[in-house]
Structure formats: structure tokens, C-alpha cells
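# Geometric and topological summary
Single-letter residue listing:
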Amino acid sequence: MPAAHDPRPLTGEPLSLDLLNTRWVDGGRRQDLLTDPEGLAVWLTANGLEARFAADAPTLRNVLAARDALAGLVDLPGGPADDATAAARLDAVLAHGRIRVRLTSAGPGEEPEFDDPAWGPAWLAARDYLELLTAAPDRVRRCAHEACVLHFYDTSRNGTRRWCSMAVCGNRAKASRHQARARA
């Protein structure tokens, strides 16, 4: 059976940030895609992982552990060095897999291996976060709108993106500033 429609307002971010974005605010109420295996199936499908991993309770439990570890890291002012406990939680997820280096017909290659396939999506998200930190840690951001909890990887040329979506959160901020000026 195909996965249901993805209700999240922001998709398409790198895997680790897309996992964080399985929690969002809609109409002032917190939403969570990962409350059951059906929501996990939606997330796996959105990230092209549905053919490799089962949307079952053990996988969901592990993905939630990875999401909590990531949330503890990205919401820190200075990043991972600020909280050894959060870093240890991410390391605990990473302990369930590794990269196997191989020589393929196309040349050198890497293939992830997991001690249990139920750890696969969680491990891939944790590994993705490390890759983002290696590439450009200052580009991993939380939306600047005070009511938004979404995260994004800033790919703008000058690195000044502030909003998860200019059409939604950016527009809200502009409207708030306009209303404040009109009242004054």
C-alpha cells in the first residue's frame, strides 16, 4: 500500500534536517509525523528509503532516538561542542552502523552497513548531519520566525537565508513589521 500524502510544510531538506522537520507547528498546534509506523512510512517514502527499510515499530523507535539526538544538537547556540550529552546521544545512534569502503566497477565506493536494519534510517540521518557539519556548519539553521520550529540548510549564494519559507514565515514577519508600523 502506498504511503499517505506528506502533510509537512517543508520537505526536501537534507535527510537529518528533514527528520527534524517531522515536527512542525500548524495553526498554533504542534504536529508530529512520527507518531506511528504509517507516519514513518511517509517519511521513508519522502526520502527514497521505503524500498530499503521497513516502516515498523523498531525502526520508528530508532528514528525517534536519532531525531531527539539531532534536536539536542541543532538547537544549541554553538552547536555540538556545547552539549556532550547531546553529542553522546548522536554517537550512540552512529554506533549501530559503519561505512564499508569497496572497489566497484565504477571505482572506489562506499556502502553503509548496519548491525540491525531497523537502525538504517536513523544512522543515515545521523551520518548526514555529520556531513553537513563537515561541509558548512554555519549553514544549518532554524527558521528565524519565533513560532516556527523548522530547520533548513542554507544553500543561498550569500548564506543569508533566514526563513524556512519566504512565502510563509518570511511573509508573516513582514506582515508583523507592517502592522507594528501601522499601529505606531
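This one's a predicted model, so the numbers in the text were calculated from it and none came from an experiment.

Here we take up the overall build of the protein. Scanning the protein for helices and strands turns up six helices and six strands. Scanning the protein from its N terminus toward the C terminus, one meets helices and strands in the order α-β-β-α-α-α-β-β-α-β-β-α. Scored against the burial criterion, the 184 residues of the protein give a buried share of 38%. Long-range pairs, those at least 24 residues apart, make up 48% of the contacts in the protein with a sequence separation of at least 6. For the protein, the exposed surface amounts to about 10,300 Å²; the carbon and sulfur share of it is 52%.

Inspection of the entire model under this criterion finds 11 salt bridges. In this structure, Arg-161 engages Glu-13 in a salt bridge whose closest nitrogen and oxygen atoms are separated by 3.9 Å. Taken as a pair, Arg-161 in the loop between strand S6 (151-153) and helix H6 (166-183) and Glu-13 in the segment before helix H1 (15-20) lie far apart in primary sequence, 148 residues in all. A residue is classified by how much of its surface remains accessible, and Glu-13, at 11% relative accessible area, is buried. The closest approach of N and O atoms between Asp-68 and Arg-23, which form a salt bridge, is 3.8 Å. Taken together, the positions of Asp-68 in helix H3 (residues 57-74) and Arg-23 in strand S1 (residues 23-26) put the pair 45 residues apart, joining distant regions of the chain. Residue classification places Asp-68 among the partly exposed residues on the basis of a relative accessible area of 35%. Shared partners join several salt bridges into a network, and the residues in it are Asp-6, Arg-8 and Asp-18.

The subject of this paragraph is the packing of aromatic side chains. The full count for this structure, using the stated rule, is two aromatic pairs. Judged by centre distance (5.6 Å) and plane angle (70 degrees), the rings of Phe-114 and Trp-123 are edge-to-face. Under the relative-accessibility criterion, Phe-114 is labelled partly exposed at 21%. Overall, the relative accessible area of 4% leaves Trp-123 in the buried class. One aromatic cluster is present, built from ring pairs that chain together Phe-53, Phe-114 and Trp-123. If you follow Arg-161 out to its NZ or CZ, it ends over the ring of Phe-152, 4.0 Å from the centre.

Once that is clear, we can look at helix H4 (residues 84-94). Those residues of H4 that fall on the buried side of the exposure criterion are Ala-86, Leu-90, Val-93 and Leu-94. Along the long axis of H4, the arc covered by the buried residues comes to 105 degrees, so they all point the same way. Pointing more than 90 degrees away from the buried face of H4 are the exposed residues Ala-84 and Thr-85. Tucked into the core, H4 has its buried residues touching H3, strand S3 (97-104) and helix H5 (120-135).

Moving on, we get to the pairing of strand S4 (residues 107-114). One ladder, built from eight bridges, connects S3 with S4; its direction is antiparallel. If you follow Leu-103 over to S4, its bridge partner there is Pro-108. The turn linking S3 back onto S4 is made up of two residues.

About the thresholds
- Along each chain, the written sequence defines residue order, and numbers are assigned to residues from 1.
- Where totals are concerned, whole chains, interfaces and linings use all residues; where local detail is concerned, this predicted model gives features only for residues with pLDDT of at least 70, and gives and counts side-chain atom pairs only at 80 or more.
- Side-chain numbers come from the whole structure's heavy atoms, not from hydrogens or water.
- A run of H or I in DSSP counts as a helix once it spans at least four residues, and a run of E counts as a strand once it spans at least two, with each numbered from the N terminus.
- For every residue, the accessible area (1.4 Å probe, protein chains only) is compared with the maximum for its type, and the residue is labelled buried under 20%, exposed over 50%, or partly exposed between those bounds.
- Pairs of residues are marked as contacts when any of their non-hydrogen atoms sit within 4.5 Å.
- Where accessible areas are quoted, they stem from the Shrake-Rupley method and a 1.4 Å probe; at the residue level, only the protein chains shown are allowed to cover.
- Salt bridges are counted wherever a side-chain nitrogen of Lys or Arg sits within 4 Å of a carboxyl oxygen of Asp or Glu.
- Here is the rule: rings of Phe, Tyr and Trp (six-membered ring for Trp) pair when centre to centre is within 6.5 Å. Planes less than 30 degrees apart are stacked, more than 60 are edge-to-face, and the remainder are tilted.
- Any Lys NZ or Arg CZ found within 6 Å of a ring centre and within 35 degrees of that ring's normal is scored as a charge over the ring.
- Throughout, the arc means that of the directions going from the helix axis to the C-beta atoms.
- Pairing between two strands requires that DSSP report at least two bridges joining them.

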